[in-house]
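Spelled out, the chains give:
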Amino acid sequence: MNSSRHPGAGRDAPDNPERPSAAWVFSRPERILAFGFGSGLIHPAPGTWGTLVGWLLWAGLLRGLPDSWMVVILLLSFGLGCWVAQRCGDDLGIADHGGINWDEIVAIWLVLWLMPAGFLSQLVGVVLFRVFDILKPPPVSVLDRRFKNGFGVMIDDIFAAVYALLAAAVLIRLGVL
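## Considering helix H4 (residues 67–92)
Residues three or four positions apart in an α-helix share a direction because the helix packs 3.6 residues into each turn. For H4, spanning 26 residues, the distance from its first C-alpha to its last is 36 Å, which sits close to the expected 38 Å at 1.5 Å a residue. The set of residues buried in H4 consists of Met 70, Leu 74, Ser 77, Gly 81, Cys 82, Val 84, Ala 85, Cys 88, Gly 89, Asp 91 and Leu 92. Considering only its buried residues, H4 is in contact with helix H1 (22–25), helix H2 (29–34), helix H3 (46–62), helix H5 (102–114) and helix H8 (150–173). Taken from the residues just after H4, Gly 93 is the one with a positive phi, measuring 75 degrees.

## Observations regarding the pattern of salt bridges
Counted according to the given criterion, the structure contains seven salt bridges. Between Glu 30 and Arg 28 there is a salt bridge whose closest N-O contact spans 2.6 Å. A residue is classified by how much of its surface remains accessible, and Arg 28, at 27% relative accessible area, is partly exposed. Among the salt bridges present, the one from Glu 104 reaches Arg 130, with a minimum N-O distance of 3.9 Å.

## A look at the side chain of Arg 31
Examined against the element boundaries, Arg 31 turns out to sit in helix H2. Within the structure, Arg 31 has its side chain in polar contact with the side chain of Asp 91 (distance 3.1 Å). Ignoring sequence-local partners within four residues, the contact set of Arg 31 consists of Asp 12, Trp 24, Val 25, Cys 88 and Asp 91.

## Let's talk about a nonpolar patch on the surface
On the surface, Phe 119, Leu 120, Leu 123, Val 127, Val 131, Ile 134 and Leu 135 cluster together into a nonpolar patch covering about 700 Å² of accessible area. Checked against the element boundaries, Ile 134 lands in helix H6 (residues 119–135). A relative accessible area of 58% means that Ile 134 is categorised as exposed.

Cut-offs applied
- Residues numbered from 1 in each chain as written.
- Predicted model: local features only at pLDDT ≥ 70, side-chain atom pairs only at ≥ 80, totals over all residues.
- Heavy atoms only, no water.
- Helix = DSSP H or I, 4+ residues; strand = E, 2+ residues; numbered from the N terminus.
- Expected span 1.5 Å × (residues − 1).
- Buried < 20%, exposed > 50% of the residue type's maximum accessible area, 1.4 Å probe, protein only.
- Contact = heavy atoms within 4.5 Å.
- Salt bridge = Lys/Arg side-chain N within 4 Å of Asp/Glu carboxyl O.
- Polar contact = N/O pair within 3.5 Å; in protein donor to acceptor, adjacent residues only side chain to side chain.
- Patch = residues over 30% accessible without salt bridge, like charges linked within 9 Å, V, L, I, M, F, W, Y side chains within 5 Å.
- Areas by Shrake-Rupley, 256 points an atom, 1.4 Å probe, with all protein chains shown as cover.

As structure tokens, then:
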């Protein structure tokens, strides 16, 4: 057990919880999902890599689905994300490990679903989301500090997505997009 080196780490925590191995991530389905199908292992900026994976999944699988399906997919993905982030955080002993990037994937789906169609609009949505996810303006920063569990991992990114959508709405209104 590695919990003596990293307080709170789960029974099968990796040797280095700060940089878990691919073998550790790919050993359990919830870890694969939480680490964005392995994109959370890419350094630097695993959150950005997760966002890009989310964009690819959007383009390949989700774009064009009916709105009712997107609502269901987003709600289920958010709930699943709370669970996988909690499990991985418990296993690692790190509540919001940077490699856990399913939260970025789900949040960028929300952004892309509500953005106008077209590559430029989507690119602007991705950039705005990353800016707000990194800067964490209130209440994103408050949520990030207050909830140190799977829900907290997921909800701060949803709020960053809302900020990105609000900023995009201003750009659309101004005729930039």
